[in-house]
Every structure is written in C-alpha cells, then in structure tokens.
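Examining the three-dimensional arrangement
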Amino acid sequence: MKIEKNKSLKNNNTFGIDVRAREYVEIYDEEDLKQLLSLSELKDEPKLVLGGGSNILFTQDYNGIVIKNSIPGIKIIFENEKHCLVKTGAGVIWNDLVLFAVEKNLGGIENLIAIPGTVGAAPVQNIGAYGEELQNTFHSLKGIFLDSGKEIVFEKEECKFGYRESIFKNELKEKFIITYVILELYKNPQPVFNYGPIKNELDKLNKEIFSIKDISDIIAKIRNEKLPDPTAIGNAGSFFQNPEIDKEQFLELKKEHPEIPCFTTPHDKVKIPAGWLIEKCGWKGKRIQNVGVHEEQALVLVNYGNATGANILSLAQEIKISVIKTFGIELTEEVNIY
Ligand code: EPU
C-alpha cells in the first residue's frame, strides 16, 4: 500500500478538474483498508472515498487523504430457480457488472447500462435511469466505518434509499466506505421499457418478445447520443436533480407553459425535468469561455478544457438564479461539491 503525497486528482474526476490531494492511496481489499485505518497519523485526517469520480466537482485542493476504492471481483454467491445473488467488489466499474448480468441473462439492472462510476458509488446516490433504480435489485452491502475500522452489513431497509438519496450520502457521508455490494438479479427477467424513447426504439425492432440485451443495447445507444463521453469532454452527467413541486404550483406553471413535461411521484408531488427548465431559460448549448451547458442535454454541464471547479460552480449559480427568476423553482445539485 503506497501513500502518495500532493497527488493530482485530474484523472480521478470525470470533470477533469486539476486539484491536488494532500495524500492519496488506492486500496484493493478490506485488509488494505483496515491497515490504513489503523495508522495513528491518519486518525484525525479528513478522508474522502473516491470511486470513478463521476459525480463530484472539486472546487479546491483536498486537505486530507483520498482513498481510491479499487476492490475487485464479481461472484454469484447464491442461486435458486428464480434468483441469483451477485456479490461485487466496490471498485468494479458499474458498467462491467451490467455487462456481466446481461451476458448471463440476469435481469434487473439492464436499464442502468453505461452509467459511469463504480459499483461502490451506485448505492450512495441510488443510481437510476429509464424507469429503474438500483434499490429495486439491491440486497445488501458490506462496509467499514472510517473512524473505528468496524465492519458492518447494511440491509436494504437500513439504506434509506430515495430518489438519488441514501444514508451514505447523508448521515454516513465521509464516515463509511462500502467494500462489497450484493444485488438480487432475476433469472426470468421482466424488462421495464415504458419510458418513452425506449418503447419507440423497441417498436422499430418488430419483435414480440424483447430480451434484456435488446433493451440494454437501445439504452446504451440513447445515452451515447445524448450524453457527452467524459473521456472526450469533462462532465459528471446530470449536474442537478429533477425538482419536485406541489401540484398547485405545477398547475399554475402549466397555465403559462402548457407543454411543460412532468413525472408523477408516489408522494403527491410532481417531478419536472430540470433539463427542460434550464433549456427554457435559454442555456442549452451555451458556452462561456471553457465551461458550458451540453447541446443535447441541458442537465449536463461541461468542461471544454482547463476549467476550474469555481468556473463550473459559477455557471451553475447563474443557471440556478435564472430558473428561480423564471419558474420560482430552486434547483439542487446532484453532484457532490468539494
Ligand atoms: N428535457 C428538455 N431539455 C433537455 C433535457 C431534457 O426539454 O435539455 C426534457 C424532455 O422533455 C425530456 C425530459 O426532459 O423528455 C426527460 O429527459 P431525459 O429522458 O433525458 O431525462 P432527465 O430527466 O433529463 C434523468 C436522469 C438521468 C437519466 C435519465 C434517463 C436525473 C437528475 N437525471 O434525466 O441520469 O439518464 O433521466 O432515465 O434524474 C445522471 O444521473 O447523471 C443521469 C444522466
């Protein structure tokens, strides 16, 4: 285990922001981690766990130790006629797990294909796309408290999952590191394909029955067309969450903007696509020096090269102000800002 000092994090965040960590270490198993946490000189040092760095915006150097979680391995640990439990190391690339499942015709995560990041980061914000969310297949996870080094298992109900929410993003932020995630996948997949654009593309295939491979191929294609590839243009996917508003406020907005898109929620609120609000305020495709709003998806902010976190943050602030002025809706960031 090698602790590096004053390490650039440019290649550790998909925005490509060039900040430095006071210390940096990569861990490959739980033993590495326990050994690291037992070092007395690190006891009081702030700790930041990084997976793929695809949901983070650095605005300054990190004055502590960055722990890059690279725990590997995908393993089927239990199966019966209907289900399969798959245990995966937190450092595995999320998309590799999806490809593993699709190849074995194990259903449940095919709609989450091509989401950047690692398996360990997936429960933190309960990743979701095209009508599916991680929590629908989540079984449990294993992890370690950063202060005590104590191991613990979290069952699904204990994770407090919500829309892009979990206990790991809130109460346990910077206190806990996920080491393994166990998902329950289905041997008789029940594909979810009601989300508008998927249904249209599937109709073109002219098939009676769709495989999860059909669905994951279509979703990967839609994502590739709409979302910028972070290896080409720095970005962190959706920068903001889709806001939820009261029905009354929604009906008022609809009077003025009859075309406003919306999604219903289980708790009597209405969810509005933030991308639509931002586009309506005229931001889509706009570029200010080295930062901008993506041309195909207004929810994605991009670094055209050498931007600082502060440049991105100031664009985000301007967007938030104009959305409040125009619609009276306050946007909340989806990315973690450091
Ligand atoms: N829209 C616009 N303009 C835009 C973008 C979107 O008008 O620039 C409107 C359109 O009406 C469209 C609707 O918003 O029909 C929904 O757009 P889309 O299907 O692209 O989904 P989204 O709400 O913008 C969410 C997730 C994405 C996820 C997609 C697909 C959030 C914050 N974002 O985006 O997640 O891929 O749904 O399920 O919930 C991510 O988290 O990084 C991410 C990309």
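Keep in mind the model is a prediction, meaning the values are calculated, not measured.

1. A short note on the site of the ligand
Near the ligand you find 23 residues, and of these Tyr130, Tyr163, Lys226, Glu279 and Ala298 are the closest. The separation between an oxygen atom of the ligand and a polar side-chain atom of Lys226 is 2.6 Å. Summarising the interface, the protein chains cover 82% of the accessible area of the ligand, which totals 820 Å² for the free molecule. Looking at the shell around the ligand, the elements that each hand over two or more residues are α4 (212-226), β13 (234-238) and α6 (274-280). Ranked by residues supplied to the shell around the ligand, first place goes to α6 with 3 residues. Looking at the shell around the ligand residue by residue, the classes come out as 11 nonpolar, 6 polar and 6 charged. Here the shell around the ligand spans two domains, and each of domain 2 (74-186) and domain 3 (234-337) adds at least three residues to it.

2. Considering the pairing of strand β6 (residues 74-79)
Two strands pair when backbone bridges link them, and β6 and strand β7 (residues 83-89) are joined in this way by 5 bridges, in the antiparallel orientation. Following the sheet pairing, Lys75 is matched in β7 by Lys87.

3. Here we look at the domain arrangement of the chain
Here the chain is partitioned into domain 1 (4-69), domain 2 (74-186) and domain 3 (234-337). Each of domain 2 and domain 3 has a C-alpha centre, and the two are 27 Å apart. Taking both sides of the interface into account, the surface hidden between domain 2 and domain 3 amounts to around 540 Å²; carbon and sulfur atoms contribute 33%. When the area that domain 2 buries against domain 3 is broken down by residue, the three leading residues are Tyr163, Arg164 and Lys169, summing to 76%. Across the domain 2-domain 3 interface, the total number found is 1 salt bridge. Of the charged contacts, one joins Glu334 and Arg164 as a salt bridge, the two residues approaching to 3.1 Å between their closest N and O atoms. Linking domain 2 to domain 3 there are 2 residue pairs in polar contact (both at pLDDT 80 or more).

4. Examining the pattern of salt bridges
For the structure on display, the rule yields 21 salt bridges. When the shortest N-O distance is used, the salt bridge between Lys34 and Glu31 registers 3.6 Å. Taken together, the positions of Lys34 and Glu31, both in helix α1 (residues 30-37) and 3 residues apart, correspond to about one turn of that helix. Across the pair Lys142 and Glu151 runs a salt bridge whose closest N-O atoms are separated by 3.5 Å. A relative accessible area of 34% places Glu151 in the partly exposed class. Linked through salt bridges whose partners overlap, the residues forming this network are Glu30, Glu31, Lys34, Lys142 and Glu151.

5. Observations concerning the sheet that holds strand β14 (residues 244-245)
What the 3 strands build is an open sheet, ordered β14-β16-β15; its pairing is antiparallel. The open sheet has two free edges, formed respectively by β14 and β15 (263-264), since each of these has just one partner strand. As judged from the 2 bridges shared by β15 and strand β16 (residues 270-271), these two strands associate in the antiparallel manner. Note on β16: the bridge partner recorded for Thr264 is Val270.

6. Considerations on the environment of Ile56
Within the secondary structure, Ile56 sits in strand β4 (residues 56-57). Overall, the relative accessible area of 6% leaves Ile56 in the buried class. Separated by 39 residues in sequence, Ile56 and Ile17 have C-alpha atoms that sit 9.9 Å apart. If we skip the residues at most four places from it in the chain, Ile56 touches Asn13, Phe15, Leu48, Leu50, Ala236, Val335, Asn336 and Tyr338.

7. So, the packing of aromatic side chains
Following the criterion strictly, the structure yields 13 aromatic pairs and no others. Between Tyr195 and Phe263, the aromatic rings sit 6.4 Å apart at their centres with planes inclined by 25 degrees, giving stacked as the arrangement. In this pair, Tyr195 sits in the loop between β12 (176-186) and α3 (196-205) while Phe263 sits in strand β15, placing the two residues 68 residues apart along the sequence. For Tyr195, a relative accessible area of 34% puts it in the partly exposed group. A connected cluster of aromatic rings, assembled from ring pairs, spans Phe145, Phe154, Phe168 and Phe176. Positioned above the aromatic ring of Tyr180, the side-chain terminus of Lys87 is 4.5 Å from the ring centre. The ring of Tyr163 carries the charged tip of Lys271 above its face, separated from the ring centre by 3.3 Å.

Here is what the cut-offs are and how they apply
Residues numbered from 1 in each chain as written. Predicted model: local features only at pLDDT ≥ 70, side-chain atom pairs only at ≥ 80, totals over all residues. Heavy atoms only, no water. Near = heavy atom within 4 Å. Polar contact = N/O pair within 3.5 Å; in protein donor to acceptor, adjacent residues only side chain to side chain. Areas by Shrake-Rupley, 256 points an atom, 1.4 Å probe, with all protein chains shown as cover. Helix = DSSP H or I, 4+ residues; strand = E, 2+ residues; numbered from the N terminus. Nonpolar A, V, L, I, M, F, W, Y, C, P; charged D, E, K, R; others polar. Domains from an automatic or database assignment. Pairing = 2+ DSSP bridges. Buried area = accessible area lost by both parts, 1.4 Å probe. Salt bridge = Lys/Arg side-chain N within 4 Å of Asp/Glu carboxyl O. Buried < 20%, exposed > 50% of the residue type's maximum accessible area, 1.4 Å probe, protein only. Contact = heavy atoms within 4.5 Å. Phe/Tyr/Trp six-rings, centres within 6.5 Å; stacked < 30°, edge-to-face > 60°. Lys NZ or Arg CZ within 6 Å of the ring centre and 35° of its normal.

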